[in-house]
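Structure at a glance
Chain residues, written in single-letter form:
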Amino acid sequence: MREYVNTTRDIARELARKYSTMTHDELDTLESILVPMKFNKNEMILKEGEVCRNIYYVDRGLVRQFYSKKGRIVTEHFGADHTIFMCIESLFKEEPTKLQVEALEPTVIYALPKHKLEQVALHNVNIQILYRKILEESLIISQVHADLVRFESAQERYKKMCKLNPQVVLRAPLVYIANYLQMTPETLSRVRAASAYDD
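The paragraphs below set out a description of the structure included in this document. (Residues numbered from 1 in each chain as written. Predicted model: local features only at pLDDT ≥ 70, side-chain atom pairs only at ≥ 80, totals over all residues. Heavy atoms only, no water.)

Describing the sheet that holds strand 7 (residues 100-103)
Pairing is antiparallel across the open sheet formed by four strands, whose spatial order is 2-7-4-5. Sheet topology places strand 2 (44-46) and strand 5 (72-80) at the edges, where each strand pairs with a single neighbour. When strand polarity is set aside, the average angle formed by the axes of neighbouring strands in this sheet is 30°. Bridge count for strand 2 against strand 7 is two bridges, and the pairing is antiparallel. Each residue of the ladder has a partner; that of L46, found in strand 7, is V101. (Pairing = 2+ DSSP bridges. Helix = DSSP H or I, 4+ residues; strand = E, 2+ residues; numbered from the N terminus. Axes fitted to C-alpha atoms, helices over the stretch in contact; angles between N-to-C directions.)

Structure representation (structure tokens):
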């Protein structure tokens, strides 16, 4: 069976549905700046030291955003199907990023180049709204993760992740999930066993 492949038009429509209603002309404009990209499993999407110039929309696949701190790898974010990711500081300061992004599965991504998005947003109110809502969503996701590791117990962290990101919990390697939740793989195993028992 042939796998259905989305077109840039499908993705433009998906983004419009999710973030802002659009006219046909605005959809045409949004579609014109989308850049399709494909990555193999374990391929790097963005490396430390590169400048992040795009907002990325995951059509299908799974990505992990991480950084290195004192020789330790810290997972900061996961992106699964139909989600946005970016290295926000690098994107806006136009400076090399300390973050890295890796495909954990074969992944199809659509890039929204920031400079093109800003150009078209000047003349299209609904694209302006889309841009703002994407940034708002990104900031909220960062805040939710920061609060999760700051205030919640290990059990609560895992339960909340299952609720917010069920696909990531099912598909990402457990060692990365543990790292993201700031616990050891052993703690995560205990927490998962307890959660299964609770259910």
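Section: the side chain of S90
Looking at where S90 falls in the secondary structure, it is placed in helix 3 (residues 88-93). A distance of 2.9 Å separates a polar side-chain atom of S90 from the backbone nitrogen of C52. Excluding its chain neighbours within four sequence positions, the residues that come into contact with S90 are E50, V51, C52, E95, P96 and T97. (Polar contact = N/O pair within 3.5 Å; in protein donor to acceptor, adjacent residues only side chain to side chain. Contact = heavy atoms within 4.5 Å.)

So, the side chain of N124
Among the secondary structure elements, N124 is positioned in the loop between helix 4 (114-121) and helix 5 (125-151). On the basis of relative accessible area, N124 is assigned to the buried category, the value being 13%. Contacts of N124, omitting those with residues within four sequence positions, involve E26 and T29. (Buried < 20%, exposed > 50% of the residue type's maximum accessible area, 1.4 Å probe, protein only.)

Some details on the layout of surface pockets
In this approach, a probe sized like a water molecule rolls over the atoms, and the result shows the empty space that is left. For the largest pocket, the calculated volume is near 670 Å³. As for the largest pocket, its lining consists of 29 residues, and the residues nearest its centre are Q65, E76, I88, L99 and S142. If you list the elements that add at least two residues to the lining of the largest pocket, you get strand 4 (62-69), strand 5, strand 6 (83-85), helix 3 and helix 5. In terms of residue count, helix 5 provides more of the lining of the largest pocket than any other element does, eight residues in total. Its volume calculated, the second largest pocket comes out at about 320 Å³. Considering the residues around the second largest pocket, the lining is formed by 19 residues, among which H77, F78, I141, L164 and N165 are closest to the centre. Mapped onto the lining of the second largest pocket, the elements with two or more residues apiece are strand 5, helix 5, helix 6 (154-164) and helix 7 (166-171). In the lining of the second largest pocket, the residues fall into ten nonpolar, six polar and three charged. (1 Å grid on protein atoms, 1.4 Å probe; cavity = no way out; pocket = protein on both sides within 12 Å on 5 of 7 lines; lining within 4 Å. Points joined across faces, edges and corners; volume = space filled by probe spheres on them. Nonpolar A, V, L, I, M, F, W, Y, C, P; charged D, E, K, R; others polar.)

Focus: the packing of helix 1 (residues 8-19) against helix 2 (residues 24-33)
The geometry of a pair of packed helices is captured by two quantities: the angle between their axes and the separation between those axes. At a closest axis distance of 9 Å, the pairing of helix 1 and helix 2 adopts a crossing angle of 120°. In this view, helix 1 runs oblique relative to helix 2, as classed from their interaxial angle. Read as a crossing pair, helix 1 and helix 2 show a hand that is right-handed. For the pair helix 1 and helix 2, the contacting residues are T8, R9, A12, R13, L15 and A16 in the first and H24, L27, D28, L30 and E31 in the second. For the contact of helix 1 with helix 2, the residue count by class is five nonpolar, two polar and four charged. (Parallel < 35°, antiparallel > 145°, perpendicular 65-115°, else oblique. Left-handed = near helix turned anticlockwise from the far one by under 90°.)

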